[in-house]
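The chain contents come next:
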Amino acid sequence: MSPATVVEVLAGGRPPVPLVPHHLAALSLLLLGASALAQEAPRGRELTRRRVTLSRSTADTPVELHVAPDYLTTLEFDAPVERAGVKLGDRGGHFALFEVGTRLVTLKPARDLPPGERVMLTVPFADDRVPAAAVFALVLRPSEVDMHVQVVRLPRTAEAVQAELDEVRAACASTEAELEALRARSTVNGPAGMILAGLLDSSGIEIIQTTLDAKGGDGLSVQVVTCYQGPGWAVLSLEVENTGSAPWTPAKARLVLANGGRARVLPVRMKEARIEPGATARVVMELEKSGSPPKAIQLELRDSAGTRRILIPSLMF
């Protein structure tokens, strides 16, 4: 301390404050600000951007997403999603915002999820590519939150395309074999064709006609059923009357043995396109028949919607 300073202190005055250079003062302020930010960082969450890639092999494995209250999480998909099929398993009502767009899903929790709880989110795609849907598990992580997530699907590999092509070819081969049998059968027309196909022999054709009163819903009824039988085959012919107010078109027949057993679904044929109100039409169906004794069957005719039907509870053929 200089002599002048000593004199001033003895006289009751204050010692002068030492002067700090400007560049040292600015550096001190920066260090103090950095220290304050470092102390606040642990209380916040890191906002992350991610890219999630989906494949056929990982289709059933949920993708974990990190969400948090007061933070928006947006999922962006590389293809349109089936908006009506998007499901959020939020039974506890934890989410304050949940919006689904054509390619975006946005959500925000209203409060913290319980520790260890996972809220499942399923987002199906609108196209026919695989995987057909993306499955996510929404969890709470104190350190970070997924702000934006891009969801993409891997293109199919050459091996996957070849495997799918092999499946289609196998299905086509099976269908082609069935069509070939039908072509061979359809090219043989008339009685001569039936003889060549082995459907008619010296035993001839047996005809059984049954009169009954079977009524269905909405003005449908059957009064006469005729059964034509030959070697290994049978044809059922039903006279169907439509007394209702709307046309009716039978789509299929369901045949069940009266004493139980496996149901058989048979295609039906009709000359007319539909049975108009007040009209009667013949409905026929063909089925294979073994040489076993006659059996009682239950026969049901229904339209494509299944709303109007006719049920014959017991029929011998």
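The rules we used
Once a new chain begins, its residue numbering starts again from 1 and follows that chain's sequence as written. Local features in this predicted model are restricted to residues of pLDDT 70 or higher, and side-chain atom pairs are both shown and tallied only at a pLDDT of 80 or more, whereas totals for entire chains, interfaces and linings draw on every residue. Each side-chain value is derived from all of the structure's non-hydrogen atoms; neither hydrogens nor water enter the calculation. Strand pairing is defined by DSSP finding a minimum of two bridges between the two strands. Elements are defined by DSSP. Helices are runs of H or I of four residues or more, strands are runs of E of two residues or more, and each kind is numbered from the N terminus. Under the scheme applied here, a residue whose accessible area is under 20% of the maximum for its type counts as buried, over 50% as exposed, and between as partly exposed, the area being computed with a 1.4 Å probe on protein chains only. In this analysis, axes come from line fits to C-alpha atoms, helices being fitted only over the stretch in contact, and the angle between any two N-to-C directions falls in the range 0 to 180 degrees. What makes a nonpolar core is a set of buried Ala, Val, Leu, Ile, Met, Phe, Trp, Tyr and Cys residues whose side-chain atoms join them at distances within 4.5 Å. Confidence scores here are pLDDT values: one per residue, from the predictor, ranging 0 to 100. Note on contacts: a residue pair is in contact if any heavy atoms of the two residues lie within 4.5 Å. A pair of Phe, Tyr and Trp rings is counted when the ring centres sit within 6.5 Å of each other, with Trp represented by its six-membered ring. The angle between the planes then sorts it: under 30 degrees is stacked, over 60 is edge-to-face, the rest tilted. Put simply, a charge is over a ring when the Lys NZ or the Arg CZ is close to the ring centre, within 6 Å, and near the line of the ring normal, within 35 degrees. For this document, the term salt bridge refers to a Lys or Arg side-chain nitrogen within 4 Å of an Asp or Glu carboxyl oxygen.

## So, the sheet that holds strand β16 (residues 280-288)
Reasoning step 1: Read across the sheet, five strands follow the order β10-β11-β12-β16-β15 without closing on themselves; strand pairing throughout is antiparallel. The sheet is open, and its two edges are formed by β10 (206-216) and β15 (269-270), each paired on a single side.
Reasoning step 2: Here strand β11 (residues 220-230) pairs with strand β12 (residues 233-242) via ten bridges, running antiparallel. Across the sheet, Gln229 pairs through a bridge with Ala234, a residue of β12.

## Describing the pairing of strand β3 (residues 73-77)
Reasoning step 1: Within β3, four of the five residues are buried, which leaves the element mostly enclosed by the surrounding structure.
Reasoning step 2: Pairing analysis gives four bridges linking β3 to strand β6 (residues 104-109), with the strands arranged antiparallel. Across the sheet, Glu76 pairs through a bridge with Leu104, a residue of β6.
Reasoning step 3: Pairing geometry for β3 and strand β9 (residues 144-153), over four bridges, is parallel.

## With respect to unusual backbone geometry
Reasoning step 1: In this model, Val130 is joined to Pro131 through a cis peptide bond whose omega is -5 degrees.
Reasoning step 2: Here Pro131 is to be found in the loop between β7 (119-124) and β8 (133-140).

## Overview of the environment of Asp60
Reasoning step 1: Of note, Asp60 is situated in the loop between β1 (46-54) and β2 (63-67).
Reasoning step 2: Looking at Asp60, the relative accessible area reads 76%, which means it is exposed.
Reasoning step 3: C-alpha separation for the pair Asp60 and Ala133, spaced 73 residues apart in sequence, amounts to 9.2 Å.

## Points about the sheet that holds strand β13 (residues 252-257)
Reasoning step 1: One open sheet accounts for four strands, arranged β14-β13-β17-β18; its pairing is antiparallel. Edge strands, defined here as strands with exactly one partner in the open sheet, are β14 (264-267) and β18 (309-316). Taken pair by pair, the neighbouring strands of this sheet meet at an average axis angle of 25 degrees, ignoring direction.
Reasoning step 2: Relative to strand β17 (residues 296-302), β13 runs antiparallel, the two being bridged by six bridges. Pairing of Leu255 across the sheet is with Leu299, part of β17.

## Focus on the nonpolar core
Reasoning step 1: Ranked by internal contacts, the top residues of the largest apolar core, which has 27 residues, are Val222, Leu238, Val240, Met285, Leu301 and Ile312.
Reasoning step 2: Listed by contribution, the elements that provide at least two residues to this core are β10, β11, β12, β13, β16, β17 and β18.
Reasoning step 3: Val52, Phe95, Val123 and Val151 belong to the second largest nonpolar core, which has 23 residues in total.

## With respect to the confidence of the model for the protein chain
Reasoning step 1: Per-residue confidence for the protein chain gives a mean pLDDT of 79, with 76% of residues at or over 70.
Reasoning step 2: With pLDDT under 50 throughout, residues 5-11 is counted as low confidence; its partners more than four residues away or in other chains account for five contacts.
Reasoning step 3: Between residues 29-42, whose pLDDT stays under 50, and residues either more than four places distant or in other chains, the model counts zero contacts.

## Observations concerning the packing of aromatic side chains
Reasoning step 1: The tally for this structure, following the rule as stated, stands at two aromatic pairs.
Reasoning step 2: For the pair Phe77 and Phe125, a centre-to-centre distance of 5.9 Å together with 80 degrees between the ring planes defines the contact as edge-to-face. Here Phe77, found in strand β3, pairs with Phe125, found in the loop between β7 and β8; they are 48 residues apart in sequence, far enough to count as distant. Summarising the burial analysis for this pair, Phe77 and Phe125 share the class buried.
Reasoning step 3: Centre to centre, the rings of Phe77 and Phe136 are 6.3 Å apart; their planes meet at 65 degrees, and the pair counts as edge-to-face. Here Phe77, found in strand β3, pairs with Phe136, found in strand β8; they are 59 residues apart in sequence, far enough to count as distant. Residues Phe77 and Phe136 agree in their burial class; the two are buried.
Reasoning step 4: Taken together, the ring pairs in this structure connect Phe77, Phe125 and Phe136 into an aromatic cluster.
Reasoning step 5: In this structure, Arg153 packs its charged tip against the face of Phe125, placed 3.8 Å from the ring centre.

## Side note on the pattern of salt bridges
Reasoning step 1: Within the structure shown, the criterion is met by eight salt bridges.
Reasoning step 2: The residue Glu144 makes a salt bridge to Arg141 at a minimum N-O spacing of 3.2 Å.
Reasoning step 3: Given the relative accessible area of 17%, Glu144 is considered buried.
Reasoning step 4: Across the pair Arg274 and Glu276 runs a salt bridge, and its minimum N-O distance is 2.8 Å.
Reasoning step 5: Under the relative-accessibility criterion, Glu276 is labelled partly exposed at 34%.
Reasoning step 6: A cluster of three or more residues bridged by salt bridges with shared partners is formed by Glu64, Arg141 and Glu144.

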